[in-house]
Amino acid sequence: MVRRGEKAVTSPPPRQAPPAPLKPEDDVRLRDLPVLRQIYDELGTVVSLAEQVHRLSERLETTGAEVAEARAPSRETPEARTVEEAPAPAEPVPSASPQTAEEPPDVDEEAVYVLYRRAYAFVEEVMLAAREGRPFSVDVAFAIISRIVGTEGATDLLYKRAIYARESEGESHGFSAAVITHSVNVCIYALRIGEGMGFDQHNLVDLGVAALLHDIGMTRLPDALIEKKGKFTDQEMAEMRRHPQYGYEILARLGQQYRWLADIALQEQEREDGSGYPRGLRGEQIHEYARVVAVADFFAGLTRSRPDRRGMMPYEAVKFIIQNQRALFNQRVLKFLLAKLSAFPLRSYVKLNSGAIGRVVETFEAHTMRPTVEILYDSQGRRVRNVQTINLREMPILHITEVIPEEDLPGRR
Ligand SMILES: [Fe+2]
């Protein structure tokens, strides 16, 4: 919120003739100056966005408390879960306090990015096998996700990697690169939400593997349909909507031990209000992992950057989901989507309205659009000598206009 005249007056103003009061037409003239007008408009947009996200956060806090007791995620099908319930995981509640800050821990960035590439290679391999009807194992996925879950700060870095993932057009050794990238990204977003929900390591690994494989049914669809740009015909849409069932059939071949994986692939398009497919399940009928994957999947779709157009920024996507799609998703999952995925990723590069480029070094849950940023390049794209750190919460005139992939930093293109 921009508060004017907040500064305390410490000394009496110098004696001089008081300025003539501004007339309404002066104000109009000021607003008509293009630069000032732009600043007015941008500030207005940012301030109202910030307020809306904050209000939504508070509303979710309330409804989150009303949601029935947190259920422990289980490998069992929803029907079976009613018989055997595991103890509920501890639930850290995201605080709306501006003091809740997140700073990057020390992590071996390259080692974590290797895990991203390994997850990508795994999905690529199993999707190819599924397409060709060959058997495959999912053991490697458990090993990769265990490493991610066991490395402190890994999902932070991977979140950044996923948000910036650039999709190359076409195939990746025989299957759509876009579907593979999407699967890995959904896995990362699901892990972030699962962490927020208090899943233990074991449950996080299961959730991550399920997310990696949730779209494996796409391998049974024709390439032309997967790659199609523009609107689907009714017939194409009907075919597309078969992919959860195809995924179930493919994963069911892994045997009873992995039946839960097949169930999640089957349920990832089910929606809380019963409007999803293929079975129109609602609420508690949907496996908890499938509820998380559904939200992560939707978020990934909105933030996805295609070669020809930029996806939504994280907070834009979260706001869109909460404002427009709220009834479709579990409220508790949405609460942690907001807490874990609405901020700009730590260490990510962002451009300010001044033209300067900086790196996010600290984020605040209650001020997701106003992190602390180290300014690295000036508005001309020159590397600054003395790095200045700006807390955007204290600089209302400045705001972030876009995220910049590392390879697009000045001098790297
Ligand atoms: Fe899907």
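Residues numbered from 1 in each chain as written. Predicted model: local features only at pLDDT ≥ 70, side-chain atom pairs only at ≥ 80, totals over all residues.

Engineer: Sorry if this is basic, but what is going on with the environment of leucine 352 here?
Structural biologist: As for its position among the elements, leucine 352 is in strand 4 (residues 349-352). The sequence separation of leucine 352 and leucine 398 amounts to 46 residues, and the corresponding C-alpha distance is 6.5 Å. Filtering out sequence-adjacent residues up to four positions away, leucine 352 remains in contact with Gly358, Leu398, His399, Ile400 and Thr401. (Helix = DSSP H or I, 4+ residues; strand = E, 2+ residues; numbered from the N terminus. Contact = placed C-beta atoms within 7 Å.)

Engineer: Teacher, can you tell me more about the nonpolar core here?
Structural biologist: When a protein is soluble and globular, its nonpolar side chains tend to lie buried together. Counting 95 residues, the largest nonpolar core has Ala190, Val293, Val295, Ala296 and Leu337 as its most contacted members. Mapping this core onto the domain boundaries places at least three of its residues in each of domain 1 (53-341) and domain 2 (349-408). Residue contacts for valine 293: discarding those within four places in its chain leaves Val186, Ala190, Ala210, Ala211, His214, Ile264 and Glu268. (Core = buried A, V, L, I, M, F, W, Y, C linked by C-beta atoms within 7 Å. Buried ≥ 20, exposed ≤ 12 C-beta atoms within 10 Å, placed from the backbone. Domains from an automatic or database assignment.)

Engineer: Where do I start with the packing of helix 4 (residues 109-132) against helix 6 (residues 154-164) in this structure?
Structural biologist: Packed helices, taken two at a time, are described by the angle between their axes plus the distance between the axes. Where helix 4 meets helix 6, the closest approach of the two axes is 10 Å, and the angle between their N-to-C directions is 65°. Between helix 4 and helix 6 the crossing geometry is right-handed. Touching Glu109, Val112, Tyr113, Leu115 and Tyr116 of helix 4 are Ala154, Leu157, Leu158 and Arg161, all from helix 6. (Axes fitted to C-alpha atoms, helices over the stretch in contact; angles between N-to-C directions. Left-handed = near helix turned anticlockwise from the far one by under 90°.)

Engineer: What is the right way to read the environment of leucine 376 from this model?
Structural biologist: Structurally, the position occupied by leucine 376 is in strand 6 (residues 372-377). Here the alpha-carbon distance between leucine 376 and arginine 359, two residues 17 residues apart in the chain, equals 7.1 Å. The residues contacting leucine 376, other than those within four sequence positions of it, are Ile357, Gly358, Arg359, Arg383, Val384 and Val387.

Engineer: Sorry, what's going on with unusual backbone geometry here?
Structural biologist: Apart from glycine, the bulk of residues carry a negative phi angle, and the bulk of peptide bonds sit in the trans form. Tyrosine 277 connects to proline 278 through a cis peptide bond whose omega is 5°. Counting through the fold element by element, proline 278 comes out in the loop between helix 12 (259-267) and helix 13 (288-303). For arginine 347, which is not glycine, the phi dihedral falls at a positive 75°.

Engineer: So what exactly am I meant to see when it comes to the packing of helix 8 (residues 201-212) against helix 13 here?
Structural biologist: Where helix 8 meets helix 13, the axes come as close as 10 Å, and the angle between the chain directions of the two elements is 55°. By the angle class used here, helix 8 and helix 13 are oblique. Considering how the two elements wind past one another, helix 8 and helix 13 form a crossing that is right-handed. Here helix 8 contributes Asp206, Leu207, Ala210 and Ala211 to the contact with helix 13, which in turn contributes Tyr289, Val292, Val293 and Ala296. (Parallel < 35°, antiparallel > 145°, perpendicular 65-115°, else oblique.)

Engineer: Could you clarify how one ought to interpret helix 6 in this entry?
Structural biologist: Because an α-helix completes one turn every 3.6 residues, residues spaced three or four positions apart along the sequence face the same direction. For helix 6, a buried count of 10 out of 11 residues is recorded, marking the element as mostly surrounded by other parts of the structure. Here helix 6 has its buried residues at Ala154, Thr155, Asp156, Leu157, Leu158, Tyr159, Lys160, Arg161, Ala162 and Ile163. Looking at the buried residues of helix 6, the elements they touch are helix 4, helix 5 (139-150), helix 7 (177-196), helix 13, helix 14 (314-324) and strand 8 (400-404).

Engineer: What is the right way to look at the pairing of strand 5 (residues 357-364) in this model?
Structural biologist: Consecutive side chains along a regular strand alternate between the two faces of the sheet. The element strand 5 is extensively covered by neighbouring structure, given that six of its eight residues are classed as buried. With three bridges joining them, strand 4 and strand 5 adopt antiparallel strand pairing. Residue pairing in the sheet places valine 350 in a bridge with glycine 358 of strand 5. Hairpin remark: strand 4 followed by strand 5, antiparallel, with four residues in the connecting loop; positive phi at glycine 355, about 100°. Sheet topology places strand 5 next to strand 6; five bridges connect them, and they run antiparallel. (Pairing = 2+ DSSP bridges.)

Engineer: Explain the confidence of the model for the protein chain to me, please; I cannot follow it from the model alone.
Structural biologist: Low-confidence regions, as indicated by low pLDDT, have predicted coordinates that should not be scrutinised in detail. With 72% of its residues at a pLDDT of at least 70, the protein chain reaches an overall mean of 79. In the predicted structure, residues 1-51 sits below a pLDDT of 50 and forms 20 contacts with residues beyond four places in sequence or in another chain. Scored below 50 in pLDDT, residues 61-99 makes 61 contacts in the model with residues more than four places away or belonging to other chains. (pLDDT = per-residue confidence, 0-100.)

Engineer: Any chance you could explain helix 15 (residues 331-341) here in plain terms?
Structural biologist: The element helix 15 is extensively covered by neighbouring structure, given that 10 of its 11 residues are classed as buried. Taken as a whole, helix 15 has its buried residues at Arg332, Val333, Leu334, Lys335, Phe336, Leu337, Leu338, Ala339, Lys340 and Leu341.

Engineer: Before we go on, may I ask you to explain the environment of leucine 207 in this structure?
Structural biologist: Structurally, the position occupied by leucine 207 is in helix 8. C-alpha of leucine 207 to C-alpha of tyrosine 289: the two residues are 82 residues apart in sequence and 5.8 Å apart in space.

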